[in-house]
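# Close look at the chain arrangement
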Amino acid sequence: MKLTDERRKQLRITVDYTNMTEKYLGGKGISEKTLHSHSKLAKAAHAYVHANRGKDELSMGWTELPYNQSEVVADILETAKLIRRKFDAFVVLGIGGSALGPAMSFNALCHLHYNDLPKSKRKGPKFYVEDNVDPVRMKELLDVIDVTRTCFNVISKSGATSETMAQYLIISDLLVKAGVNIRENVIFTTDARKGNLVKISRSLGGVKSYVLPDGVGGRFSELSPVGLLPAAVLGIDIKALLKGAAFMDKLCKSSDLRKNPALLTATLQYISMNNGKNISVMMPYSDNLRCVADWYAQLWAESLGKNVTLDGRPCNVGQTPVKALGTTDQHSQMQLYTEGPYDKVITLLAVGSYKEKTPIPHAYRNIPDVAFLGGHTMEELIQAENKATAYALTKAGRPNYTIFLPEINEFTLGQLLFLFEMQTAYTGAMLNINTFNQPGVEAGKKATFALLGKEGYDLQRHDIEQCAGDPDYIV
Ligand code: PA5
């Protein structure tokens, strides 16, 4: 992708927060005074994040991913070329932060029916992200792929996640039974030194592996090999993705919340949370951005949902993310957003130029209710509905802001991801919590170990068995 200075300027994403303000929302909006009174807190959050950027011990290595991967990017591009030549399908085996990023880039930057296209029209092999252990899903994946002609990218930072390891056990067994050397069809993305995938790789004599760097947690890993390898296999320009992230990073240098888009959205969300807005709705007006809402949901929920501050005080903070899609969910959730409880902030993702315009033909001139659509394009229709939603929400006193992407491409997606990551880091700093751990997720993982009889978890298994299934409470 050619990125002249002029082109970068054209592709800059912007945040329009008009409909968050008192001027447009009346008493339900944020006043200039309130925003101003938060500028000191915003500056402190900015200073904290920027002072600690790149520090692995604080899990902030992700801030440097746009800059420190030239060698690994070159390796990934070579490997992707080989994969495209050799395999019919590429399957990501991972969950949470090890799956949502690859699924998002695939959805955003590839054809919406990519796997149904003939081979000549696809830039890479068929693509699947298997982020569950639903037994039906596993079986039915195996109905549509030939394991011997499939590359499996096993992604797990810990190498100890039951879902991913169960998938790997099934696949490796099938490969062996089919007479294929596991090393030929499997690539690991994992920690540099620790974890079971490192041990398995050693036992197999060295499986091709990419490192999920220290200081990069699952949900902040999309710009690491976790996301870059699958994207490169799909023919996505990963260098442009990283350049987009670096471009946004530059916009985030300012500690002035009116100049730094991520600091602005973090402050708006923080003020809203303190005003009882417990729900963050992410509503892209584009099918290609649908999975951005999934990815954001994990980033926002897992990072901010915490019960203790950094100085050890109890707290129960966070905002529940809700995924919506424009215009589809106008016909499903919008009624609640405009007339239900005042507990939401709605982020709309708008697109300036869609890759298709899709004209709507003139017809039925004698039926005005239908005829008015003729001569417009579907692009005009979705953009009008996007604006109409912002207007309707504002008229109903519902805070909403719009993140505007001039186009959807690698450069704008890179900006968007980095904006959300920075927004999350700033908001966590304002809340004074550890944004980068996930003890609640770990608890579920351990309880699963106990239920499946892993050694050392007997007491916990006993405890779990006490917790559910009391016949007195089953109707
Ligand atoms: O963001 C996170 O840390 C989690 O969602 C993890 O990515 C998820 O639990 C999978 O963990 P792992 O990559 O260790 O298999």
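Keep in mind the model is a prediction, meaning the values are calculated, not measured.

Moving on, we come to the pairing of strand β12 (residues 400–407). Judged by how many residues are buried, β12 sits mostly within the fold: six of eight residues are covered. Direction of pairing for strand β1 (residues 14–16) relative to β12: antiparallel, over a ladder of three bridges. Paired with Thr14 across the strands is Phe404, a residue of β12. Here seven bridges tie strand β11 (residues 344–353) to β12, and the two strands are oriented parallel to one another. Directly across from Thr347, in β12, lies its bridge partner Tyr401.

Now for the pattern of salt bridges. Evaluated as defined, the whole model comprises 23 salt bridges. The residue Arg219 makes a salt bridge to Glu302 at a minimum N-O spacing of 3.0 Å. A residue pair is termed long-range when its members are at least 10 positions apart, and Arg219 in the loop between β6 (209–211) and α11 (225–233) and Glu302 in helix α14 (residues 290–304) qualify at 83 residues. A residue is classified by how much of its surface remains accessible, and Arg219, at 4% relative accessible area, is buried.

Around the ligand, a shell composed of 14 residues is seen, among which Ser98, Ser156, Ser158, Thr161 and Gln298 lie nearest. Ser98 has a polar side-chain atom sitting 2.8 Å from an oxygen atom of the ligand. Ser156 is positioned with one of its side-chain polar atoms (N or O) 2.6 Å from an oxygen atom of the ligand. In the complex, 92% of the free accessible area of the ligand, which totals 380 Å², lies under the protein chains. Class assignment of the residues belonging to the shell around the ligand gives a composition of one nonpolar, nine polar and four charged.

Here we take up the domain arrangement of the chain. For the chain, the assigned domains read domain 1 (5–56 + 239–431), domain 2 (62–238) and domain 3 (439–473). Taken together, the contact pairs 34 residues of domain 1 with 32 residues of domain 2. Summed over both partners, the interface of domain 1 with domain 2 buries about 2,900 Å², with 64% contributed by carbon and sulfur atoms. Per-residue buried area on domain 1 facing domain 2 is highest for Lys239, Leu242 and Asn288; these three make up 20% of the total on that side. The partner of Glu64 in a salt bridge is Arg53, and the shortest N-O contact between them spans 2.8 Å. Put simply, domain 1 and domain 2 have 18 residue pairs in polar contact (both at pLDDT 80 or more) between them. Sorting the residues of the side of domain 1 that touches domain 2 by element identifies α12 (238–251), α14 and α18 (410–431) as the ones contributing at least two each. No other element matches the nine residues that α14 contributes to the side of domain 1 that touches domain 2. Split into classes, the residues belonging to the side of domain 1 that touches domain 2 amount to 16 nonpolar, six polar and twelve charged.

Spatially, β3-β2-β4-β5-β6 is the arrangement adopted by the five strands of the open sheet, whose pairing is parallel. Looking along the sheet, the strands with just one partner apiece sit at the ends: β3 (126–130) and β6. Adjacent strand axes in the sheet meet at a mean angle of 15°, parallel and antiparallel pairs treated alike. For strand β2 (residues 89–93) and β3, the ladder comprises five bridges, and the chain directions are parallel. Each bridged residue has a counterpart across the sheet, and for Val92 the counterpart in β3 is Val129. In the packing of helix α8 (residues 162–177) onto the sheet, the strands contacted are β2, β3, β4 (150–155) and β5 (186–190), and the crossing angle to β4 comes to about 150°. Here α11 sits on the sheet and contacts β2, β3, β4, β5 and β6; the angle it forms with β2, its principal contact strand, is near 165°.

Let us now look at the packing of helix α5 (residues 70–86) against α11. Packing of α5 against α11 brings their axes to within 8 Å, and their N-to-C directions diverge by 40°. With respect to α11, the axis of α5 lies oblique. For the crossing formed where α5 meets α11, the hand is right-handed. Of the residues in α11, those touching α5 at Val72, Val73, Ile76, Leu77, Thr79, Ala80, Ile83 and Arg84 are Pro225, Leu228, Leu229, Ala232 and Val233. Taken together, the residues of the contact of α5 with α11 break down into eleven nonpolar, one polar and one charged.

Criteria and thresholds
Residues numbered from 1 in each chain as written. Predicted model: local features only at pLDDT ≥ 70, side-chain atom pairs only at ≥ 80, totals over all residues. Heavy atoms only, no water. Buried < 20%, exposed > 50% of the residue type's maximum accessible area, 1.4 Å probe, protein only. Helix = DSSP H or I, 4+ residues; strand = E, 2+ residues; numbered from the N terminus. Pairing = 2+ DSSP bridges. Salt bridge = Lys/Arg side-chain N within 4 Å of Asp/Glu carboxyl O. Near = heavy atom within 4 Å. Polar contact = N/O pair within 3.5 Å; in protein donor to acceptor, adjacent residues only side chain to side chain. Areas by Shrake-Rupley, 256 points an atom, 1.4 Å probe, with all protein chains shown as cover. Nonpolar A, V, L, I, M, F, W, Y, C, P; charged D, E, K, R; others polar. Domains from an automatic or database assignment. Contact = heavy atoms within 4.5 Å. Buried area = accessible area lost by both parts, 1.4 Å probe. Axes fitted to C-alpha atoms, helices over the stretch in contact; angles between N-to-C directions. Parallel < 35°, antiparallel > 145°, perpendicular 65-115°, else oblique. Left-handed = near helix turned anticlockwise from the far one by under 90°.

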